[in-house]
There are 2 protein chains.
Amino acid sequence: MSDGTDTSRPEVPRAGGVQSLARAFGLLETLAEAGGEAGLSELADRTGLAPATIHRLVRTLVDLGYLRQLPSRRYTLGPKLVGLGETAARQFGRWATPVLTDLVAEIGETANLAVLDGDRAVYVAQVPSPHQMRMFTEIGRRVPVHCTGVGKALLSALPPADAAGIVARTGLPAVTPTTITDPEVFARELAVARERGYVLDEGEQETGVRCVAAPVTGPHGSAAVSVSGPLSRMDDAAVARIAPLVVAAGRRLGTLLATA
Amino acid sequence: MSDGTDTSRPEVPRAGGVQSLARAFGLLETLAEAGGEAGLSELADRTGLAPATIHRLVRTLVDLGYLRQLPSRRYTLGPKLVGLGETAARQFGRWATPVLTDLVAEIGETANLAVLDGDRAVYVAQVPSPHQMRMFTEIGRRVPVHCTGVGKALLSALPPADAAGIVARTGLPAVTPTTITDPEVFARELAVARERGYVLDEGEQETGVRCVAAPVTGPHGSAAVSVSGPLSRMDDAAVARIAPLVVAAGRRLGTLLATA
DNA sequence: CCCTACATTCCATGATGCGGAAGCGCCAGT
DNA sequence: ACTGGCGCTTCCGCATCATGGAATGTAGGG
């Protein structure tokens, strides 16, 4: 950075405006990816930043309560992040939960809301089915887009070029025997989804779980609703009954999103 | 900092090193306090920062995915915060949940883990009692220290001077008829807690709920475990049986905290 | 239709964050 | 116990980067 001849900056393609912020959040993410705990030098290795720089950022975060320093001098995500995340989730849940609750009442299976986060989908709200008490709070969980109902629904609402870009970056790794791994088949799947307004997930992420998902139709709305349940209850007749309800819920959430 | 005559800055006592970071997180907190949604000028009013400054910070956060801009141009907490918060909670929960689960198995009442966050306590892990399905995920909730079992347990593990400092700042507002409001009585309560190794919460935050809490004994360990249930089940005999178990759990968590 | 209020962009200024290098404390090795 | 090495922390001069006042664009209200 000291000579004016080469101003190319291959790292951090387009972070944002304030670099210290981008770096700090990068550190938080790096820490999360590292399993929620890391030493300073490990962070330096992963991010390529100077130790002194990292130390200052990290120290600030510790002072603010968003990071904790363990007795071993390593760093962990701090308690305040839990609070913020909870508030954020509540925020999403506030307007989505009523609609999801209706869906569960009509269908009897677990209903989810997810949004696009980079190249993956994050669950931001969930209303569990009355059938099985399973599934803790899956809220906040990030899943691949290519093998989940919500993921495919999210892609189907994107401009095809953007969707193709995401798929190109993430690839189509097989998770179960039914996961779609052929790009051409996947493209057709999205085309069908756009046509019908909903997608199916035929146990592509978890065997035995069938899922109906629809995009949340809004202006900027990168969101998707889904209803999922075990194959035993989700037969073809059930899907035929469920699909229109999920699509309607997506539309309803879209108008809510635009309004509030 | 613009004029040399008056450098007193009553606001933001000691933020941290990197000011843009402190401000950005301040904005996130302000947004959370405002109900999770606010316009730019509202943020400007609440924080006292220049609109241009806020806009740049906020725009960066939007680019990074930690904030979302609604069609109405207002701002909301973004999906990535949900993910980070969940990871942070999982991080705490990972090593705590097994111990809490054992506690619930032995006692049959809800078990919690909380840490000190500034002058308040935050719940970071919880295993619900099999009895009542009540209580959603209370994780992330911040509560006062003076009227909760975990709060008093946290204070009892602190150097008395530090505990007194916190109490001096927060005061002892009455929340229920049994809340301790006399500083001298409260100091004695903490002394007893240090002596016995556990504290009771006699419906001091919510009438009818009795709670046994113990500090997590670690090197720097500002954490506390608690078990709480309705008075009907938490009689004196139950408390006598429960207290040693909670203390033991605190000790166990302490060694885990020091190790991993 | 104009007008007010809000969000957004521009730009010169200097405060502020940056990172190389030196200092310390902790384990591991012998 | 001594020593070496590694990783965390602190210092300090330089210039980059964030800052905020003012100008511009945009939406809703009278």
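Please refer to the structure higher up on the page.
Residues numbered from 1 in each chain as written. Chains lettered and ligands numbered in written order. Predicted model: local features only at pLDDT ≥ 70, side-chain atom pairs only at ≥ 80, totals over all residues. Heavy atoms only, no water.

A. Inspection of the protein's contact with DNA strand C at higher detail. Lining the immediate surroundings of DNA strand C are 18 residues, of which T53(A), R56(A), Q19(B), S41(B) and Y75(B) lie closest. What you see for DNA strand C is that sugar and phosphate hold 82% of its atoms within 4 Å of the protein. Taking R23(A), its side chain carries an N or O atom lying 3.3 Å from a phosphate oxygen of DNA strand C. A distance of 2.6 Å is found between a phosphate oxygen of DNA strand C and a backbone nitrogen or oxygen belonging to S41(B). Looking at the surface near DNA strand C, the elements with two or more residues in it are helix 1 (19-33) and helix 3 (51-64) of chain A together with helix 1 (19-33), helix 2 (40-47) and helix 3 (51-64) of chain B. (Near = heavy atom within 4 Å. Polar contact = N/O pair within 3.5 Å; in protein donor to acceptor, adjacent residues only side chain to side chain. Helix = DSSP H or I, 4+ residues; strand = E, 2+ residues; numbered from the N terminus.)

B. Structural detail: the interface of chain A and chain B. Across the boundary between the two partners, chain A contributes 53 residues, which contact 54 residues of chain B. Between chain A and chain B, roughly 4900 Å² of surface is buried when both sides are summed, and carbon and sulfur atoms account for 69% of that area. For the pair chain A and chain B, the interface holds two salt bridges. One salt bridge in this structure joins E29(A) and K80(B), with 3.3 Å as the shortest N-O distance. Linking chain A with chain B are seven residue pairs in polar contact (both at pLDDT 80 or more), by the criterion used here. When residues of the side of chain A that touches chain B are traced back to their parent elements, those giving at least two are helix 1, helix 3, strand 3 (75-77), helix 4 (79-107), strand 4 (110-117) and helix 8 (236-259) of chain A. A per-element tally of the side of chain A that touches chain B places helix 4 of chain A first, with 14 residues. Split into classes, the residues belonging to the side of chain A that touches chain B amount to 29 nonpolar, 14 polar and 10 charged. (Contact = heavy atoms within 4.5 Å. Buried area = accessible area lost by both parts, 1.4 Å probe. Salt bridge = Lys/Arg side-chain N within 4 Å of Asp/Glu carboxyl O. Nonpolar A, V, L, I, M, F, W, Y, C, P; charged D, E, K, R; others polar.)

C. Seen up close, the protein's contact with DNA strand D. Residues in contact with DNA strand D amount to 21 residues; listed here are only the nearest, Q19(A), S41(A), Q69(A), Y75(A) and T53(B). Counting only atoms of DNA strand D within 4 Å of the protein, the sugar-phosphate share comes to 81%. Within the backbone of S41(A), an N or O atom sits 2.7 Å from a phosphate oxygen of DNA strand D. Between DNA strand D and Q69(A), the relevant distance is 2.9 Å, taken from a phosphate oxygen to a side-chain nitrogen or oxygen of the residue. For the surface near DNA strand D, the elements supplying multiple residues, two or more each, are helix 1, helix 2 (40-47) and helix 3 of chain A together with helix 1 and helix 3 of chain B. Classifying every residue of the surface near DNA strand D by side-chain character gives seven nonpolar, nine polar and five charged.

D. A look at the pattern of salt bridges. Counted according to the given criterion, the structure contains 20 salt bridges over all chains. With a closest N to O distance of 3.6 Å, E37(A) and R74(A) form a salt bridge. Of this pair, E37(A) sits in strand 1 (residues 37-38) while R74(A) sits in the loop between strand 2 (67-69) and strand 3, placing them 37 residues apart in sequence. Linking R210(B) and D236(B) is a salt bridge whose minimum nitrogen-to-oxygen distance equals 2.9 Å.

E. Geometry of the side chain of D201(A). Residue and element names in this part refer to chain A. Summarising the element assignment, D201 is placed in strand 7 (residues 199-202). Of the side chains bearing the opposite charge, K152 lies closest to the buried D201, which forms no salt bridge; the N-O distance is 5.5 Å. Within polar-contact distance, the side chain of D201 engages the backbone nitrogen of E204 at 2.7 Å. Once residues lying within four places of it in the same chain are set aside, the contact partners of D201 are C147, T148, G149, K152, V209, R210 and C211. (Buried < 20%, exposed > 50% of the residue type's maximum accessible area, 1.4 Å probe, protein only. Lys, Arg positive; Asp, Glu negative; His and termini not counted.)

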